[in-house]
Structure formats: C-alpha cells, structure tokens
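# Chain and residue survey
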Amino acid sequence: MTKLDVSTPEREPRLLGSNRSALVPPLSLARWLVILILLACVYFFHGFLAPVLAALIIGFASWPIYRRVLGGVGGNRTLAASIMIAVIVLFILVPILMALSYATNEARQLISWIMATNANGAAAPNWFATLPLVGEWATEQWDLYVGAPGALGQYVTVIGGANVYNIYQTILATGGTIFDLALNLLFMLIALLFVYRDGASLSAQLDKFGERILPVRWQRLSRVVPATISSTVTGMTIIAIGEGIVLGIAYWLAGAPSPVLLGVITGVAAMIPGGAPLSFTLVSIYLVASGSIVEGLALFVWGSVELFIVDKTLRPKLVGGPIKLPFLPTFFGLIGGVKTMGFVGLFVGPVLMALLVSMWREWVRDLEQSAADGEGGGIAVPAAPQPVSGQPSREQAQKEHA
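Not measured: the values here are computed from a predicted model. (Residues numbered from 1 in each chain as written. Predicted model: local features only at pLDDT ≥ 70, side-chain atom pairs only at ≥ 80, totals over all residues. Heavy atoms only, no water.)

## Digging into the overall build of the chain
Within the chain, the regular secondary structure consists of 15 helices and zero strands. Looking at the chain as a whole, 29% of its 402 residues qualify as buried. Intrachain contacts of the chain at a sequence separation of at least 6 include 66% that bridge at least 24 residues. In the structure as shown, the chain presents an accessible area of about 27200 Å², 68% of it carried by carbon and sulfur atoms. (Helix = DSSP H or I, 4+ residues; strand = E, 2+ residues; numbered from the N terminus. Buried < 20%, exposed > 50% of the residue type's maximum accessible area, 1.4 Å probe, protein only. Contact = heavy atoms within 4.5 Å. Areas by Shrake-Rupley, 256 points an atom, 1.4 Å probe, with all protein chains shown as cover.)

## Description of unusual backbone geometry
In the Ramachandran plot, Ser258 falls in the positive-phi region, its phi being about 50 degrees despite a non-glycine side chain. One can find Ser258 in the loop between helix 9 (218-254) and helix 10 (259-269). We classify Ser258 as partly exposed; its relative accessible area is 28%.

## Looking at the pattern of salt bridges
Applying the stated criterion across every chain, the model contains one salt bridge. In this structure, Asp198 and Arg197 form a salt bridge, with 3.4 Å as the shortest nitrogen-oxygen distance. (Salt bridge = Lys/Arg side-chain N within 4 Å of Asp/Glu carboxyl O.)

## What to know about the confidence of the model for the chain
Overall, the predicted model of the chain reaches an average pLDDT of 76, with 77% of residues at or above 70. The low-confidence segment residues 397-402, where pLDDT is below 50, has zero contacts with residues more than four positions distant or belonging to other chains. (pLDDT = per-residue confidence, 0-100.)

## Notes on helix 1 (residues 26-45)
For helix 1, with 20 residues, the first-to-last C-alpha span of 28 Å sits near the 28 Å given by 1.5 Å per residue. With respect to burial, helix 1 is a largely exposed element, only zero of its 20 residues being buried. (Expected span 1.5 Å × (residues − 1).)

## A word on the nonpolar core
If you look at the biggest cluster of nonpolar residues, it comprises 24 residues, and the most contacted ones within it are Tyr66, Met188 and Tyr196. Every element with two or more residues in this core is listed here: helix 2 (49-61), helix 3 (63-72), helix 4 (77-120), helix 8 (178-213), helix 9 and helix 14 (345-372). Setting aside anything within four residues of it in sequence, one finds Tyr196 in contact with Ile58, Gly59, Ser62, Trp63, Tyr66, Ala81, Met84, Ile85 and Ile88. (Core = buried A, V, L, I, M, F, W, Y, C linked by side-chain atoms within 4.5 Å.)

## Quick notes on the packing of helix 2 against helix 14
As a packed pair, helix 2 and helix 14 sit with axes 10 Å apart at the nearest point and diverge in direction by 65 degrees. On the basis of the axis angle, helix 2 is roughly perpendicular to helix 14. Where helix 2 crosses over helix 14, the handedness of that crossing is left-handed. Note on element contacts: helix 14 touches helix 2 through Phe347, Val348 and Val351, opposite Leu53, Ala54 and Ile57. (Axes fitted to C-alpha atoms, helices over the stretch in contact; angles between N-to-C directions. Parallel < 35°, antiparallel > 145°, perpendicular 65-115°, else oblique. Left-handed = near helix turned anticlockwise from the far one by under 90°.)

## Overview of the packing of helix 3 against helix 4
The relative placement of two packed helices is expressed as an angle between their axes plus a distance between the axes. In the contact formed by helix 3 and helix 4, the axes pass within 9 Å of each other and the chain directions differ by 130 degrees. Overall, the two elements helix 3 and helix 4 adopt an arrangement that is oblique. The chirality of how helix 3 crosses helix 4 is right-handed. Across the interface between the two elements, Ile65, Tyr66, Val69 and Leu70 of helix 3 pack against Arg77, Ala80, Ala81, Ile83 and Met84 of helix 4. Grouping the amino acids of the contact of helix 3 with helix 4 by side-chain chemistry returns eight nonpolar, no polar and one charged. (Nonpolar A, V, L, I, M, F, W, Y, C, P; charged D, E, K, R; others polar.)

## So, the environment of Glu362
Tracing the chain through its elements places Glu362 in helix 14. Glu362 sits 142 residues away from Arg220 along the chain, and the two C-alpha atoms are 9.4 Å apart. In this structure Glu362 touches Arg220 and Val224, once residues within four positions along its chain are discounted.

## Considerations on helix 11 (residues 275-289)
Counted at 1.5 Å a residue, the expected span for helix 11 with its 15 residues is 21 Å, and the 21 Å between its end C-alpha atoms agrees. All buried positions along helix 11 are accounted for by Gly275, Ala276, Ser279, Phe280, Val283, Ser284, Leu287 and Ala289. Residue Gly291 follows helix 11 closely and has a positive phi angle near 110 degrees.

Take a look at the structure:
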C-alpha cells in the first residue's frame, strides 16, 4: 500500500502582507502623514496666508524698535508686544484707513461725475481756451471725444470690458468688503502679537530646521532675508506712505481737486521708481493749465525739494543706502500683490519680489565668485586627486624643487 502524502500545501502570499510585516514601512507612513497634514493645513488655512505674511513682514521690519521697547520694559515680552501693537494701530493703521475712507468717497464723486458726463455730455472747461497754441485744438478734441453723450462709456467698455454703471456699482459695493478687511487686519494684529512675543524662540527653531535642510547656505540666507525685508518696508512702503501724506497735504493747500485720492495715488506710485515725481508733476501741470499758475509752480518746487530731501538724506539714513530694485519687479510686485491679496498685497507683493531679486543676486554673485576662484562658474567639477600615502603632493614637490 502506498503511503499517503500528508505534506502541507503552499499558501499563496497575502495581499496585505503577513501578520508580522507592516503593509507600509513606518518611515514612509510617517512621511506621508506629515505631507497629508501639511496639505490639509494649506487647504483649511490658506485664507490666513495674507494676514500672517503681513504680520511677519511688519515684525521683521520693526524688530529693532521692538528690541528697544523690550529693554525699556524690563524684558516683559507680552507688555512690549502690546505696546508695539498699540503704536502700529494708532499711528499707522488708523491714518491709512481714514485716508482710504476719504479717497473712496472722492472716487465715488468722480464716478458720479463720469456717469453724468457720459449720459448728458459736458462742455470743455473754460481754461482750455486760455491754453497757448493748443487751446482751440484741445476744446475741439474734448467736444469730439469726451463731451459727446455716451463717449466715456465707449472708452470704458473698450478698456475695462464693462460699462460705467457696473464700475459705479463696484465702487458702491466696496463697503461690503470692509468686514473682510477688518477681519484680515484683526488676524494680522493677533499674528503680529505672537511674532513679537515668541519671535526669538521661533527664529531659533527655524535656524535648526534651516541648518538641517540647507547646511551650507542657511546662515547667509538667514541674514539676507531679514535685511531685505527691513530695507524694502522702510525704504519703499513707509517712505511711500509718508510721501503720499506730505504731497496730499500739498495738493489740498494748492487747491487741487480730490486731494486725498490724489495723495493715495501718489503714495502707491511712490513705490515705483519715478512714480512720485510723475504724480506731482502732472498735478502741477493741471493747476498751471487751469489758471492757478502760482499754486502749480509752488507745488512743483515743493515736490522737488521734498523728493530731494527724502532721497539724499532720509532714505539713506533709514535704510543705509538706496534700494536698487528694478522697475519691472517692483511693478509686478505691486500689481500682483493687490490682485492676489487685496490691500495687504500692496505691501506683501513688493517684499516678495525684493526677496526674489536679492536671492537671484546672491546666486549670481556666488557663480561669479566660483568662476573667479576657478571652480567652473558654479558647475560641479571633480575634486583634485589625493596623493598616495608616502608620496608628496604637487605643492610639496614644487616647494622642494624651489
């Protein structure tokens, strides 16, 4: 009788692994969990990105002042942070919000005049006829392209893709965004409070992560970024706001129409190289052409003197030198920041572009230094062969031969 084969049949491998082996290695699982958590944070909290960025920028720019306040209150970080928040609210946010409120009202009045002119037409201003050489021609052009009913609506449709009434409704609807602006400012102030209070410990933690990720470049990058942010905010934003305020007062004294709106436009234009001179020059030309010759000339002289004082004395003292930021990155930073983040982007956009330009210049400087040192212009080159044990190197041989 043959013996029965009672051997155990082979089992097919489990789809989910054996009882003792993990389906996913623990290290890979931990990495994927970290990535998923980060993506979830970005998804749920992306609306707070603009206020947090604004708080970080303001914190970087005003950190030296905060250190002085901290020393004055005996090292109490919470008290020093509260004092800084109160100063920023009283002397920066409140004046800016008041100026924006007046500018919005003046913009509504301007849009109302445009709507009335578009519906009924308007005669050329009387001072057009007093213009030398071009007075008659300017009046004819006004009557042909501006004064006719419906003329302005055609230009608005061609340029903006909407009619004057839709633009007017948009201006009126800006009051609905005040609540969103207030929330963003509130979140920014809360984030700024913790930036001041816990900024030192947060910076130390970032240094640890940075040295782990970029062990060679982190120390240099960590010095470039705060200096760039401070220089950009001080040399562009703060000085631009000051120029807008000073020139806005000058517009009001000179009798220019809508002085607050013109001051806000001048402050925004002052962030772009050549923007402030162009603004007060155009207003001066308007005043001279409209018959206010003394006021227009006085405004032009005052704007030129003020700009000279700022560029030659105030800006170098605050920044340590003029900021040589190209026109195109500055313009893109302003427009892109406002389009992406609204009012807060007016300050965040130029700073981000300044950081990008600074890192680009640092990279180019490293490449030039590498090329000067004979390292291949930044391209990886093989290392020099090491001498065999017991055999002198080339330098030692040359010394011995000499």
